[in-house]
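Below, each chain spelled out in residue letters.
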Amino acid sequence: MTTGSAGLRMPEWLRQRALISPHRRALVFGGERWTFADLDRRVSATAALLLAAGVRAGERVALLASNGPEFVQMVHAAPRLGAVLVPLNTRLTVPELVALVTDCKPAQLVHDEANRDTAASISAALAGLPRVHIAELAAGEAADSPESHGCDGMLDLSAVHTIIYTSGTSGRTKGAMLTLGNHWCSAVGSALTLGLRDDDRWLACMPLFHVGGLAILLRSVIYGIPVILHESFDAGAVSRAIDEDGVTIASLVPTMLARLLEERDGRPLPAHLRCLLVGGGPLPMSLLEQCVRRGWPVAPTYGLTEASSQVATLSPEDAPRRPGSAGKVLFHTQVRIEIDDAEAPPGVAGEILVRGPTVTPGYFRRPHESAEALRHGWLHTGDIGFLDAEGYLYVLDRRDDLIVSGGENVYPAEVEEALRSHPHVQDAGVIGLPDEVWGQRVVAAVVPRETARTAEEALLAFCRERLAPYKVPKEFRFVTNLPRNAAGKLLRRELRQEWPRNQALST
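Residues numbered from 1 in each chain as written. Predicted model: local features only at pLDDT ≥ 70, side-chain atom pairs only at ≥ 80, totals over all residues. Heavy atoms only, no water.

Section: the overall build of the protein
Here is the rule we go by: The way it works is that DSSP assigns letters per residue, a run of H or I at least four long becomes a helix, a run of E at least two long becomes a strand, and they are numbered from the N terminus. Each radius of gyration reported is based on C-alpha atoms, and the globular scaling rule is 2.2 Å times the count of residues to the power 0.38. When checking whether two residues touch, look at their non-hydrogen atoms; a contact exists if any pair is within 4.5 Å. Each accessible area is a Shrake-Rupley estimate made with a 1.4 Å probe; only the visible protein chains count as cover when residues are assessed. When charges are counted, neither His nor the chain ends are considered; positive counts come from Lys and Arg and negative counts from Asp and Glu. To locate a charge, the coordinates of NZ of Lys, CZ of Arg, CG of Asp or CD of Glu are taken.
Looking only at helices and strands, one finds 15 helices and 29 strands in the protein. Taken over C-alpha atoms, the radius of gyration comes to 23 Å for the protein, in line with the 23 Å a tight globule of 507 residues would show. Taken along the three principal axes of its C-alpha coordinates, the protein extends 65 × 55 × 50 Å. In the protein, the proportion of contacts linking residues at least 24 apart, taken out of those at least 6 apart, comes to 68%. Working note: accessible area of the protein is about 20,800 Å², and carbon and sulfur atoms make up 50% of it. Each charge sign in the protein was given a centre, from 52 positive and 59 negative side chains, and these centres are 1 Å apart.

Below, the structure is given as structure tokens:
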């Protein structure tokens, strides 16, 4: 499957950037300070070692690693070799990861020290899948090189660069394929929206396995600006980086923004910080108002993995007069609001559809799901929103039943499936409720089997063995039945309305 850029070739981004501006800063991580020339040399060595490990053009490389310079090397080494990178969420459990790796069938599983045991368990579950420690690829040299195997330093923009897994509301795992052209147009569209300055420095404190974090690494090379990379989010460290490292742009989720606001404790932000790009879930109005009162340059954004991150962004200067809006679409992108296959008029809510060169060509080895999501050139997001008369987008709900907790997507069907596998659970319904800290928290209504009773602690332990921590319900209600329609479909809206009235059964 291809995007509209099929056949269009251009010089490989990092190699071209190292040629144009070799001495410009590329990466800051702890005590590490790399130029683009430094990064280029390291990536060449990593690509050569991947080749020596048996990875060939067109094959997939699964990456299970935390934020760090080695992750950055892998992101650029994959296209240099012509391979496809599959970044894996390090917060998932072994069974969840085994399902993803089984689906993408990588030639190699690359892991860091923190994920060594998890990688070993995955490899053992998959009949000895080859795996290699990322440190072995990030240092040293190999005799062979990608060029000796026909890699000519040019990129085909229709080629897939990344497969990023995102579940549908059914809970079924799907790998969104993102091409080099998708990433290129996303980077260009973002620059046309946010602007680009010679002194820009982009702070990356979100996980790089998410598209929002990954996009920063690619934009850095395309723009020729440094990434200030943090291993994880720490409000104090982010605050110091803004003050001391010259950060001009930072990407955050609402929970991070709230913690940064608390950390600053009224202290003003330095003038060089020009944009706090906030995505990964709805921005609470109260939080936006606090930032506006303090003069913080907050830019709410709407995006999704299938569109290579940003779709629409509200500029900081528009935030005070357009509260609740996700802004206008990026330059390459179109948004349509649809009700029953017809375009909705301004101000009327419907499903958000997205079209443009940032949109995925489809899901990896999922032709049915691809055809369902991509119809007549439009990506059907399942999100609900409206456009006002001036073209500002307002997002009312995220994929109907999707729960966004701390910037992480939680699909209720997946949690329900785990709960129903418990021998004492007959039925389960999962919803998200507003939470001041996480944006939303996961809660579950459970119907126990007639002859069984189980304690909340037992269900918590059961879920923790099968689900990533952010998917585990924070609260349980034991009920006699769940609201369903005549077809047996769970009525989540009614479940939300009834939640305060639900009474816990004796455990």
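Structure's up, so let's keep going.
Regarding the packing of aromatic side chains
For clarity, the threshold we go by: The criterion for an aromatic pair is that two Phe, Tyr or Trp rings (for Trp, the six-membered ring) have centres within 6.5 Å, with stacked assigned to planes under 30 degrees apart, edge-to-face to planes over 60 apart and tilted to the rest. Only protein chains enter the area calculation, which uses a 1.4 Å probe; residues under 20% of their type maximum are buried, those over 50% are exposed, and those in between are partly exposed. Working rule: Lys NZ or Arg CZ, within 6 Å of ring centre, within 35 degrees of ring normal, means a charge sits over the ring.
Considering all chains together, one arrives at two aromatic pairs under this definition. Pairing W13 with W184 gives two aromatic rings, centres 5.8 Å apart and planes at 35°, and the pair type is tilted. Placement of W13 in helix α1 (residues 13-20) and of W184 in helix α7 (residues 180-194) is noted, with a sequence separation of 171 residues between them. Residue classification places W13 among the buried positions, given a relative accessible area of 9%. Of the residues examined, W184 reaches a relative accessible area of 26% and is grouped as partly exposed. Between F386 and Y394, the ring centres sit 4.8 Å apart and the planes meet at 5°, which makes this aromatic pair stacked. Take F386 and Y394: they sit in the same class, and that class is buried. Here the guanidinium or amino end of K174 rests over the ring plane of Y363, the centre of that ring lying 4.9 Å away.

So, the environment of V28
With respect to the secondary-structure elements, V28 resides in strand β2 (residues 25-29). With 303 residues separating them in the primary sequence, V28 and F331 have C-alpha atoms 30 Å apart. Those residues in contact with V28 that sit more than four places away from it in its chain are R33, R201, V227, I228 and L229.

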